[in-house]
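Listed below are the residues making up each chain.
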Amino acid sequence: MYLKKLKIKNWQCIKETYIEFENLMLFIGQSNSGKTSIMAAIMYFLGFRNFRPRDIRNGSKFTILEGRFYNSKQNSYFIDGKEYRDRNFWVKIVKDSNRKEQYFYRCSSPWREICEEEYNNIMKLTQVMYIPTISEKEETQYFVRCLLKNIDTSKIDESASLNKVINIFKELNSDYTSHGLYRNLIFEIICEIAYQSQKIGHSILKDTLLIFEEPELYLHPQREKELFSCLNTITKLGAQIYVTTHSSNFVSLYKYRSICIIRNNLQNGSRVFQYKGKLFYGDEIKNFNMNYWINPDRSELFFAKKVILVEGQTDKIVLGYLAKKLGVYKYDYSIVECGSKSLIPQFIKLLNIFKIPYVAIYDKDNHYWRTQEELEHSNERNKIIQRAINPKIGYYIEFENDIEEEIYTEKRERRNYKNKPFYALKTVSSEEYHISNSFKKKILRIFS
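Everything quoted here is computed from the prediction, not taken from an experiment. (Residues numbered from 1 in each chain as written. Predicted model: local features only at pLDDT ≥ 70, side-chain atom pairs only at ≥ 80, totals over all residues. Heavy atoms only, no water.)

Visitor: Can you tell me about the overall build of the protein chain, naming the residues and giving the values?
Guide: Scanning the protein chain for helices and strands turns up 13 helices and 18 strands. Per-residue burial for the protein chain yields a buried fraction of 52% across its 448 residues. Across the protein chain, every contact between residues at least 6 apart in sequence was considered, and the portion connecting residues at least 24 apart equals 70%. If you sum the accessible surface of the protein chain, you get close to 21800 Å²; carbon and sulfur atoms cover 48% of it. (Helix = DSSP H or I, 4+ residues; strand = E, 2+ residues; numbered from the N terminus. Buried < 20%, exposed > 50% of the residue type's maximum accessible area, 1.4 Å probe, protein only. Contact = heavy atoms within 4.5 Å. Areas by Shrake-Rupley, 256 points an atom, 1.4 Å probe, with all protein chains shown as cover.)

Okay, structure coming up:
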């Protein structure tokens, strides 16, 4: 059984929010944004976690969790002694500050109240496995035991897979095991799950929900990427995996429907930001995906407090260097090289959709040596960038005519544009270099 939608109201730091689930979910956000609260709400709703008095939001008298399920195998459950096998249905739990609970069920008919036992029987259709941020021996052993049960009921090569998991389980029972070893053992288990699932054509976890907090802990970048690939494989073959992460290696633009950015403010509490529509159309898909694959570290923009969009390497290197020299550089801002001016609007579209603050920096490209046709073309591209910007989220800064002219404060000849990043950095890093007031103002504005 799959959880497809969840409404959360008055839960911990959440006033009200709504989530639509894919098989793979990537919950990201700044520290204290509410990721742990989201995970706690999911686990409580599915019967994996007990209720705690502080779960009700401060100042509220009750909390409501309401979810829609997809019963893919039409497993049976009972309400008022009658057997049901509905594929799609809603379940709701209301808990007040006196710890009184009410449970409700709805399919095609209006909401009807059900008892706690009936609610629990429905939730038993979804098995939950949980890997916390700090994996102690007890939690890791519980995860392995649940996995062994799944393997026992799946048609896989037990001599290879079961023995490997059992050997890992024995290693967990040794006298001393570090947190790093726990995580690396879990990494080995996930890789084995992906491998065996591919062999039999479906996930050996079946429709089990695995909640995995910060899977990147204690793993080097290459292993992070391999683990993310394995998680993708497992979810494509039927399992559900919800991940909280601070690593850009676990965020892929190809999985943009899985991305949940969580933000918190004092007035409205934590909220989830998702996009379920179509991100790009026609040639936009080909151009953007090619550009994205060439430089996959652009995924870090999803974690940034603000994104600085630039055309190329020279802008990225020089702006970062001079911002540090001026004492205004911010490490929670990401400078993202878009590859060209024509691709900046697509990055703007992405940032608008996920409501990530940004500044778009581009070259005006009105050099005196350009032809009339070139001037018209560059001005039209400048207008496209300006029109793409949502003023509530972002703004633009225009270089006159490009960053080289800002650096050298002189008109540049067409022939002077070889090895731009090297010579630009060499210039600004020299002791004799003096930044112009106009260029300084733009850098201060960029990093404001």
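Visitor: Summarise the packing of aromatic side chains; cite the residues concerned and give the values.
Guide: Evaluation of the coordinates by the stated rule reveals 23 aromatic pairs. With 4.7 Å between their ring centres and 40° between their planes, Y103 and Y119 make a pair best called tilted. Placement of the pair is Y103 in strand β8 (residues 101–106) and Y119 in helix α2 (residues 116–123), with a sequence separation of 16 residues. Relative accessible area serves as the criterion here: at 6%, Y103 is assigned to the buried category. Counting every residue linked through ring pairs, the aromatic cluster contains F45, F69, Y77, Y84, F89, Y103, Y105 and Y119. Stacked on the ring of F104, the Lys or Arg K92 has its end atom at 5.3 Å from the ring centre. Here R263 stacks its cationic end above the ring of F273, 4.5 Å away from the centre of that ring. (Phe/Tyr/Trp six-rings, centres within 6.5 Å; stacked < 30°, edge-to-face > 60°. Lys NZ or Arg CZ within 6 Å of the ring centre and 35° of its normal.)

Visitor: Account for helix α9 (residues 344–354), naming residues and giving values.
Guide: Counting buried positions over the eleven residues of α9 gives ten, a clear majority of the element. Buried within α9 we find I344, P345, Q346, F347, I348, L350, L351, N352, I353 and F354. K355, located one to two residues past α9, shows a positive phi value of around 55°.

Visitor: Outline the environment of I435, supporting the account with residue identities and numerical values.
Guide: As for its placement among the helices and strands, I435 is situated in the loop between α12 (420–428) and α13 (437–446). Each C-alpha atom of the pair I435 and L326 lies 9.9 Å from the other, and the pair is 109 residues apart in sequence. With sequence-adjacent residues up to four places away left out, I435 is seen in contact with L322, L326, K440 and I443.

Visitor: Explain the sheet that holds strand β15 (residues 306–310) to me, using residue names and the numbers behind them.
Guide: Taken in spatial order, the four strands make up an open sheet running β16-β15-β17-β18, and their pairing is parallel. Both outer strands of the open sheet, β16 (333–337) and β18 (394–399), are each paired with one neighbouring strand and no more. In this sheet, neighbouring strand axes are inclined to one another by 20° on average, regardless of whether the strands run parallel or antiparallel. Here strand β17 (residues 358–363) runs beside β18; their pairing, made up of six bridges, is parallel. For V359, the partnering residue across the bridge sits in β18 and is Y395. Packing of α9 onto the sheet brings it into contact with β15, β16 and β17, and relative to β17 it is tilted by some 175°. (Pairing = 2+ DSSP bridges. Axes fitted to C-alpha atoms, helices over the stretch in contact; angles between N-to-C directions.)

Visitor: If you had to explain the packing of helix α8 (residues 313–326) against α13 to someone new, which residues and values would you point to?
Guide: Viewed as axis vectors pointing N to C, α8 and α13 meet at an angle of 90°, and their least axial separation amounts to 10 Å. Taken together, the axis directions place α8 and α13 in an arrangement best described as roughly perpendicular. Of α13, the residues touching α8 (which contributes V318, L319, L322, A323 and L326) are F439, K440, I443 and I446. A class-by-class count of the residues in the contact of α8 with α13 yields eight nonpolar, no polar and one charged. (Parallel < 35°, antiparallel > 145°, perpendicular 65-115°, else oblique. Nonpolar A, V, L, I, M, F, W, Y, C, P; charged D, E, K, R; others polar.)

Visitor: If you had to explain the pairing of strand β11 (residues 209–213) to someone new, which residues and values would you point to?
Guide: The buried fraction of β11 amounts to five of the five residues, a majority that puts the element mostly inside the structure. Residue alternation in β11 divides its side chains into two sets, L209, I211 and E213 and L210 and F212, and both sets are buried. Relative to β11, strand β10 (residues 128–131) is paired through four bridges, and the arrangement is parallel. Paired with M129 across the bridge in β11 is L210. Relative to strand β12 (residues 240–244), β11 is paired through five bridges, and the arrangement is parallel.

Visitor: Residues and numbers for the pairing of strand β2 (residues 14–20), please.
Guide: Where strand β1 (residues 2–11) and β2 come together, six bridges link them in antiparallel fashion. When the sheet's bridge partners are listed, L6 is paired in β2 with I19. Between β1 and β2, which pair antiparallel one after the other, the connecting turn spans two residues, and Q12 there sits at a positive phi close to 50°.

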